[in-house]
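Coordinate analysis (summary)
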Amino acid sequence: MVRPRRLRTSPAMRRLVAETRLDPAQLVLPMFVADGIDEPRAISSMPGVHQHTMDSLRAAADDAVAAGVGGLMLFGVPKAEDKDATGSVGDRSDGILNRALGALRSDLGDSTVIMADTCLDEFTDHGHCGVLTASGTVDNDATLRRYEKLAVAQASAGAHVVGPSGMMDGQVAAIRDALDAEGFIDTAILAYTAKYASAFYGPFREAVGSSLVGDRRTYQQDPANRHESARELLADLEEGADMVMVKPAMSYLDIVRDVADRTDSPVAAYQVSGEYSMIAAAASNGWIDFDAAIDEAVLSIVRAGASIVLTYAATDIARRLQRR
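Residues numbered from 1 in each chain as written. Predicted model: local features only at pLDDT ≥ 70, side-chain atom pairs only at ≥ 80, totals over all residues. Heavy atoms only, no water.

By the definition in use, this model includes two cavities of 30 Å³ or more. Here the largest cavity defines a volume of roughly 100 Å³. If you go around the largest cavity, you meet 15 residues; those closest to its centre are Asp121, Lys195, Phe204, Arg216 and Lys247. Looking at the lining of the largest cavity, the elements with two or more residues in it are strand S7 (188-195) and helix H6 (202-207). For the lining of the largest cavity, a count of residues per class yields six nonpolar, two polar and seven charged. One number sums up the size of the second largest cavity: a volume of about 30 Å³. (1 Å grid on protein atoms, 1.4 Å probe; cavity = no way out; pocket = protein on both sides within 12 Å on 5 of 7 lines; lining within 4 Å. Points joined across faces, edges and corners; volume = space filled by probe spheres on them. Helix = DSSP H or I, 4+ residues; strand = E, 2+ residues; numbered from the N terminus. Nonpolar A, V, L, I, M, F, W, Y, C, P; charged D, E, K, R; others polar.)

What follows is the structure in structure tokens.
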């Protein structure tokens, strides 16, 4: 008689034969830094997550690095009056995101990987990820010129990695050329390869103070499509992506597996705001244990094939892993 239970008899035995292992260095903490606030502002739809001041951002980043978190992904939240149609504050050296990148690079040096969201949606008064035409559609190629400026500004500020998340065709190639032309040949690109037009982004819109009217379905992927991700992956790799990402993660584990099977490049997956908040909300009602559920969810993303996971619980998960 076969008895698989022999290998489940104790915590030590289960650790010994575990097929999937999670390390703090695989985790990336997304962080929001807001201009014009005097103290951290709680994000009501994301329990435990805040819009940071510069000081609280630096303190939280220090905590994350001390816990062993592998990277920090920064999102900037400008003042409403600084938004415009082209998101010009995004590439200004005095813009909130670039100031924050500089502060963290000064504090942390190369002790962690500092990443920047390379997109326009936080900075535009219309909330879209690109420049709009007169008819209100996103102009792909005009947007690429803006992404080039964003990426160079972020690299100049201190980002180790830029993360083009707008799903514009040709964005990786445009950014690679711009970075190389300015001498930033060592700045890596984390391509948002398969980013779906998901309902699970809702809380994020509060987090970045989004001005979006309408939706992003003309440039983000249709949730019905699976094979399309392979085309996006091939394009990003040919254009020079150093790492690739699937977003969201938990509802798209099949896509994570597909992407991981098709490349030997590092594969990241983003446990997005709605996925995090569902677990937090259920836990707040006493229906599930938050720590156990979030740990299991992140482990499942790694089991599906991701080698890097972006999660708002990164610091707490890393601390628990270090105690085990």
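Per the counting criterion, the structure on display carries six aromatic pairs. For Lys195, the ring lying beneath its charged end belongs to Tyr201, and the centroid distance is 5.9 Å. Above the face of the Tyr201 ring, Lys247 is positioned so that its terminal group lies 5.3 Å from the ring centre. (Phe/Tyr/Trp six-rings, centres within 6.5 Å; stacked < 30°, edge-to-face > 60°. Lys NZ or Arg CZ within 6 Å of the ring centre and 35° of its normal.)

Under the definition given, this model contains 14 salt bridges. For the salt bridge of Asp91 with Arg146, the shortest nitrogen-to-oxygen distance reads 2.5 Å. Highlighted residues: Asp91 in the loop between strand S4 (71-77) and helix H3 (96-108) and Arg146 in helix H4 (residues 140-157), separated in sequence by 55 residues. By relative accessible area, which is 22% here, Asp91 ends up partly exposed. It is possible to trace a salt-bridge network through shared partners that takes in Arg176, Asp180 and Asp242. (Salt bridge = Lys/Arg side-chain N within 4 Å of Asp/Glu carboxyl O. Buried < 20%, exposed > 50% of the residue type's maximum accessible area, 1.4 Å probe, protein only.)

On to helix H9 (residues 273-284). For H9, with 12 residues, the first-to-last C-alpha span of 16 Å sits near the 16 Å given by 1.5 Å per residue. The buried fraction of H9 is high, at nine of 12 residues. Ser273, Gly274, Glu275, Tyr276, Ser277, Ile279, Ala280, Ala282 and Ala283 are the residues of H9 that are buried. Residues of H9 that are buried make contact with H6, strand S9 (267-270) and helix H10 (290-304). Among the residues trailing H9, Gly286 stands out with phi positive, at a value near 80°. (Expected span 1.5 Å × (residues − 1). Contact = heavy atoms within 4.5 Å.)

What follows deals with the pairing of S4. Among the seven residues of S4, seven are classified as buried, and the element is accordingly described as predominantly covered. Burial along S4 is two-sided: Gly71, Met73, Phe75 and Val77 facing one way and Leu72, Leu74 and Gly76 facing the other are all buried. As judged from the seven bridges shared by strand S1 (residues 27-34) and S4, these two strands associate in the parallel manner. Its bridge partner being in S4, Val33 is matched across the sheet by Gly76. The sheet contact formed by S4 and strand S5 (residues 113-118) spans four bridges and is parallel. Its bridge partner lying in S5, Gly71 is registered against Val113. (Pairing = 2+ DSSP bridges.)

All we've got here are geometric facts, nothing functional implied.
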